[in-house]
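Below are the chains, spelled out letter by letter.
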Amino acid sequence: MIILHHIPVVNGATQTLLVDKGVIHVAGNSNSLHLPSPKESSGPDALPLHLDNCIAFPGLINSHDHLDFDLFPKLGNRVYNDYTEWGTDIHAVNKHLIDPVLQVPRDLRVQWGVYKNLLNGVTTVVHHGHYVSAPDACIEVFQDCNMLHSVQLEKGWRLKLNKPLGNGRPWAIHIGEGTNAKARQEINTLINWNIFKKKLIGIHGVAMDARQARAFAGLVWCPDSNFFLLGATAAINQLKQSTSIVFGTDSTLSAGWNTWEQVRLARKTGLLTDEELFNALTTSPAALWNKPQVGALKEGMQADIVIARQKGQPGSLDSFFAINPEDILLVLKKGKIVLFDESLLHQLHLSEQVLQDYSAIGVNNAGKYVAGDLQALIRAIHAHAPGLALPVKSVAQTA
């Protein structure tokens, strides 16, 4: 049992959250809660935490990432008309940057992609691409959907999409990732060939209009990737009237590793209100991907919780949007601590044996502990690609 006392919740009231068996059993106004008795809250299985100047929010849901591409640097040499033009160019010009990363086995690259998301406060990431096996991942790698790359690059996509006996899962596909007529037309092509009206979730949609958006259950907005490759992004302020908008980071091939910088870029566009943007990372993707147990800090919900340093008014969206990875103090996934700041070590009372299940790392000069052996992963990556730059470093554990 973990008891988080008097925590300002983003876009909500100050609450005390009680987590037991992976579920939020009690959540409400801290002045009116029926809290456990002193005996319960101080028993051998209870872990009361008092965190000052912090905010709490649901674990973020990243609706689009390619986990096996998160070791790459941003690759691009100019502004492109569409994604096919970009792909052809980087393979011709940037082979010297691509090849060293591809020397790292795919399973190691996937593991790093998982940690990249965890370090940003993501507890559910939707992986796009070939199925990956991640049974021991410290966050959820969501793959319960049918995945097509794109109209132009996926061979046999028409037959795949229109299999008569579907499994009922949605179809996620890169679509309209460009500013030219070809990108606009491929959206119509996909819509026209969706003969059985399968549930479509588009990714990027830079060339999409409101009429086309009505054919999609949702659109994953990846503004950092869009601006970097295309110099433009989707007309989200118009598309949100026709479909559900959720947020995705894409991989580090076309976007930075710091999710929070991407979120601030999205906020700066003004295409979503602050509340809509917050929802695009929490409740909206929970609904779109049919994950009703996550995305909110409410009674009976799965205990995916992030605690971060407060940088503005308690519980305000301004404070939320000011976060960086180094500001994250605690991440719970299904009630299990998967990341904590070194400043909490004295409150957690972890035995030396339990502490061995975590790796000590530095993120922008802030000490963190993450579940699993990230230090060994870093060594393995560098064994295959010496000198490959990573945004974290291994550090010695604090006694």
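About the thresholds
- Residues numbered from 1 in each chain as written.
- Predicted model: local features only at pLDDT ≥ 70, side-chain atom pairs only at ≥ 80, totals over all residues.
- Heavy atoms only, no water.
- Helix = DSSP H or I, 4+ residues; strand = E, 2+ residues; numbered from the N terminus.
- Pairing = 2+ DSSP bridges.
- Axes fitted to C-alpha atoms, helices over the stretch in contact; angles between N-to-C directions.
- Contact = heavy atoms within 4.5 Å.

Draft legend 1. Geometry of unusual backbone geometry. Non-glycine residue Lys21 carries a positive phi angle of around 55 degrees. When you line up the elements, Lys21 lands in the loop between β2 (14-20) and β3 (23-29). A positive phi is found at Lys334, a non-glycine position, where the angle reads about 50 degrees. Among the structural elements, Lys334 can be located in the loop between β15 (328-333) and β16 (336-341).

Draft legend 2. Representation of the sheet that holds strand β13 (residues 244-247) in the model. What the 5 strands build is an open sheet, ordered β9-β10-β11-β12-β13; its pairing is parallel. The two strands at the open ends of the sheet, each matched to only one other strand, are β9 (146-150) and β13. Strand after strand, the sheet turns through a mean of 25 degrees between neighbouring axes, direction not considered. Helix α6 (residues 181-193) contacts β10 (171-175) and β11 (200-204) of the sheet and is inclined by roughly 155 degrees relative to β10.

Draft legend 3. Main features of the sheet that holds strand β6 (residues 60-65). Spatial ordering of the open sheet is given by β6-β7-β8, a layout of 3 strands whose pairing is parallel. Every interior strand has two partners, whereas the edge strands, β6 and β8 (140-142), have only one. Strand-to-strand twist across the sheet, computed as the mean angle between neighbouring axes with direction ignored, equals 25 degrees. As paired elements, strand β7 (residues 122-127) and β8 share 3 bridges and run parallel to each other. Paired with Val125 across the strands is Val141, a residue of β8. Most of the contacts of helix α4 (residues 106-119) go to β7, to which it runs at about 135 degrees, and overall it touches β6, β7 and β8.

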